[in-house]
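# Examining the three-dimensional arrangement
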Amino acid sequence: HSLDQDYEMAPEFVWNDISELGGELDLDDTGYSSENEGVEGVSVIVDLPFTFRFYDQDYETMTVCSNGWVAMGGNTENITGVNGPIPSALGPENKIALFWTDLYNHWSGSNFGHCYDWYDDDNGLYYIQWDNFQHVGNPFSSNYFQLVLRDPEVWETSNGNAEILIYYEEIITDLARNELKSYK
């Protein structure tokens, strides 16, 4: 339940599920464990379907991390799930932190979460979707969120930089005294 849901000027809830449309990204993250030699995340570099202008710089690739963030350009270093201020030495430059925390989607041979990407060519929208990524320390959490990049050739802006949309289908955390909280 969104705290803003009953507010008269709240934005309309948007969620375009791409799990049946998109390709799956290889982000099998077991969390901080001996299975992955203590690495706190997994990242992949994807080719963008269009040139994306971000803070007056053009990018052809983007890094996608299992820990709930992306970064413009191809950098698979510094993939920590420990969040902090931006910019920071904790992660690459040009970061977009959707839900930056220590997440995982694979445990003891079981893959329960997935990350997808899909380009909606008709509308000039490129999606990245995290499905059922759990927070390390709370195996009962499940988090569903999306990044949408707008193709600047289709969605023009006054300054030439491309637009970024972030959607949350469901975020479950244990923020308050280990009580399970769900936000949609």
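Check the entry above for the structure.
Cut-offs applied
- Residues numbered from 1 in each chain as written.
- Predicted model: local features only at pLDDT ≥ 70, side-chain atom pairs only at ≥ 80, totals over all residues.
- Heavy atoms only, no water.
- Phe/Tyr/Trp six-rings, centres within 6.5 Å; stacked < 30°, edge-to-face > 60°.
- Helix = DSSP H or I, 4+ residues; strand = E, 2+ residues; numbered from the N terminus.
- Buried < 20%, exposed > 50% of the residue type's maximum accessible area, 1.4 Å probe, protein only.
- Contact = heavy atoms within 4.5 Å.
- Pairing = 2+ DSSP bridges.
- Core = buried A, V, L, I, M, F, W, Y, C linked by side-chain atoms within 4.5 Å.

## What to know about the packing of aromatic side chains
Any aromatic ring pair is given by two values, namely how distant the centres are and how the planes are angled relative to each other. Counting across every chain of the model gives seven aromatic pairs. Ring centres of Phe50 and Tyr119 lie 5.8 Å apart, and the angle between their planes is 50°; this geometry places the pair in the tilted category. Here Phe50 is found in strand β2 (residues 43-54), whereas its partner Tyr119 is found in strand β9 (residues 114-120), with 69 residues between them in sequence. Among the residues examined, Phe50 registers a relative accessible area of 7% and is labelled buried.

## A closer look at the side chain of Gln134
Relative to the assigned elements, Gln134 resides in strand β10 (residues 125-135). Among the residues examined, Gln134 registers a relative accessible area of 11% and is labelled buried. Setting aside its immediate chain neighbours within four residues, Gln134 contacts Asp102, Leu103, Tyr104, Phe112, Pro139, Ser141 and Asn143.

## A look at the pairing of strand β3 (residues 57-65)
Summarising the sheet, β2 and β3 pair through eight bridges and their orientation is antiparallel. When the bridges of β3 are listed, Ser43 appears paired with Cys65. Joining the antiparallel neighbours β2 and β3 is a turn of two residues, in which Tyr55 adopts a positive phi near 50°. Relative to strand β4 (residues 69-72), β3 runs antiparallel, the two being bridged by four bridges. Bridged to Cys65 within β4 is Trp69. Between the end of β3 and the start of β4, which pair antiparallel, lie three residues, with Gly68 showing a positive phi angle near 80°.

## Overview of the nonpolar core
Counting 27 residues, the largest nonpolar core has Met62, Val64, Met72, Ile128, Trp130, Leu147 and Leu149 as the members making the most contacts within it. Of all the secondary-structure elements, those providing two or more residues to this core are β2, β3, β4, β10 and β11 (138-150). A total of six residues in this core trace back to one element, the largest contributor, which is β2. Judged by nonpolar contacts, the second largest core, of seven residues, contains Trp15, Tyr127, Val148 and Tyr167.

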